[in-house]
Every structure is written in C-alpha cells, then in structure tokens.
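Secondary and tertiary structure notes
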Amino acid sequence: MASSGNFATLLNGLLYQVGTNTTYSLGNTKYQSSTSGEYSQQASTIAPSSGKWYAEMYVNTVGNLHWIALVGDVGVSDTTNRDAYGNRTTNGGMGYAHSGLVRFNGSDTSSGYSTYTDGDIIQIAFDIDNTKVWFGKNNTWQNSGDPANGTNASYTTWTTTYGTLPKNWHVAGNIGNTGANTFNFGQDDTFGGVITGAGNADGNGHGVFKYSPPSGFLSLNSANLPISEDIDPAGDDGEDENPTKQFNT
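If you're wondering where the values come from, they're calculated on a predicted model, not measured in any experiment.

What counts as what
- Residues numbered from 1 in each chain as written.
- Predicted model: local features only at pLDDT ≥ 70, side-chain atom pairs only at ≥ 80, totals over all residues.
- Heavy atoms only, no water.
- Buried < 20%, exposed > 50% of the residue type's maximum accessible area, 1.4 Å probe, protein only.
- Helix = DSSP H or I, 4+ residues; strand = E, 2+ residues; numbered from the N terminus.
- Pairing = 2+ DSSP bridges.
- Phe/Tyr/Trp six-rings, centres within 6.5 Å; stacked < 30°, edge-to-face > 60°.

1. Concerning the pairing of strand β13 (residues 180-184)
Counting buried positions over the five residues of β13 gives five, a clear majority of the element. Where burial is concerned, the two faces of β13 agree: the one with A180, T182 and N184 and the one with N181 and F183 are both buried. Direction of pairing for strand β2 (residues 30-33) relative to β13: antiparallel, over a ladder of three bridges. When the bridges of β13 are listed, Y31 appears paired with N181.

Structure representation (structure tokens):
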C-alpha cells in the first residue's frame, strides 16, 4: 500500500459502550461478540472535522442488529446505555442497518435501502463541509447516490441539526448478539484475507480498497489530515514554524 502515515483503527472502548464479550483482532480493525443479547459499538480512531472521506466495512456475521454509521464525538462518548450510539441516540449520528433501515439522530428517516448480510461490503462516503453522507453496498450507492458529483446523499443537513455539538466525525459500527465486522480504512482490502484485494488507492495515492473511493474522497490516514499552519515538519522556515516549539514549556 502507498502511505507515509497511519490509518485509522477502532477505538479501544473507553469512550463508548462495548459488550462484555467483544473481542478485537486484525490490528483492531475487526470486532465481534460471542454472547447473545450483547450489543457493541465501535468507532474510528481518526475523526476529521472537515474534508471528504471514505471507508469500507466487511460483514463477517450479521447477528441480529448490524449498522454502519457516521457519528459525532458526543454520540461516541455517550455511554449511558449500550444502545446509545450514533445511529440510535439523540446525541447525533446517522446509520444504515442490515435490514435496509436508515436512521438519523435517533429517528427512522428512510427505508427501502438494500438489505445486507454475511459477505457483503458496505461503504460510507461523507463530506463534512457540505454535510452529506452516502452509504453503499458492494459498490452500488444507495438512493442512486453519486458522492463524486455530490448528488442524492442519504443525509444533507446534519451539522445544522446538531447546532453547537462537536464537529469531529467518526466512521462507526454496531453489532448485536454474535455479529462481527471488519473495517478497512485503507490498510487491508482483503479484510484479513477473506476476499481478494483490488488495490484501489485514494486520490492522494494512500491506502488499498476493494472499490475505488469516489473522486475527491480520501482514506482516514494521518497523511491525508491537514497540517497546522504554524508547523513545518521539515523545519525549513525558521523558528516560527519549527515543530520543536510544540514541545517547549
């Protein structure tokens, strides 16, 4: 893969609810539950506040409740109950369920999307600056969506709804009972060797994906994140932009 940075993985469970028998593997990109009645929610370690981003999720086992979602920081940090997550809570988030249900900010807003099951690859593309998110299944964008052209998004006004809540956004997932997911943020388009990879990089040449990211959408990789204007990693422009100043008293 082509990358000079680090790809997102899944958070370690300190900021959101995790089932008691949830296990992680594949470098914290796969998680699964081994207990009936348990629900577990996971979110990406990288949560950008602007730009266009893309990720994929392989459905290892559906279980009885399965979502891919986009959630704000408040949704991730709400641990008051195990279902308090982006696709179910009023604290912000939007999700696409295996049943074809689509949910926004705790309410069902659409149905009729394709169902999905074991072996399917679910995609998410989101444009934070224009408040749009698209969901796809096996390279077919739902709702006749076209992320590259910015049309037919699943949601279009989410930051307005959230008002002053945090604007950092995580790609996320939810499993119920004995479900299992594997995410690819660009580090492994075989999802742990269960499919044949295709090697599709983003527009900056980072990552490997099963399907080509829409034009203009990038992998959740630290190399794709903007660099603060007061930091020059090479230290070429003198004291004011030398990164060592970030370590001063």
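Past the structure itself, the notes keep going.
2. Concerning the sheet that holds β2
Taken in spatial order, the seven strands of this open sheet run β1-β2-β13-β4-β9-β10-β11, and their pairing is antiparallel. A strand with exactly one partner marks an edge of an open sheet, and here the two such strands are β1 (22-25) and β11 (140-141). Here β1 runs beside β2; their pairing, made up of four bridges, is antiparallel. Considered in β2, the bridge of T22 is made with S33.

3. Details of the environment of S107
Secondary-structure assignment places S107 in strand β8 (residues 107-110). By relative accessible area, which is 41% here, S107 ends up partly exposed. For the pair S107 and M94, spaced 13 residues apart in the sequence, the C-alpha separation amounts to 9.2 Å.

4. Regarding the packing of aromatic side chains
Aromatic rings in a pair are described by how distant their centres are and how their planes are angled relative to each other. Applying the stated criterion to the full structure yields nine aromatic pairs. With 5.7 Å between their ring centres and 65° between their planes, Y96 and Y113 make a pair best called edge-to-face. Of the two residues, Y96 is situated in strand β6 (residues 94-97) and Y113 in the loop between β8 and β9 (121-127); the sequence distance between them amounts to 17 residues. In terms of burial, Y96 and Y113 fall into one category: buried. The structure contains a cluster of three or more aromatic residues connected by ring pairs, namely Y96, Y113, Y116, F135 and Y155.

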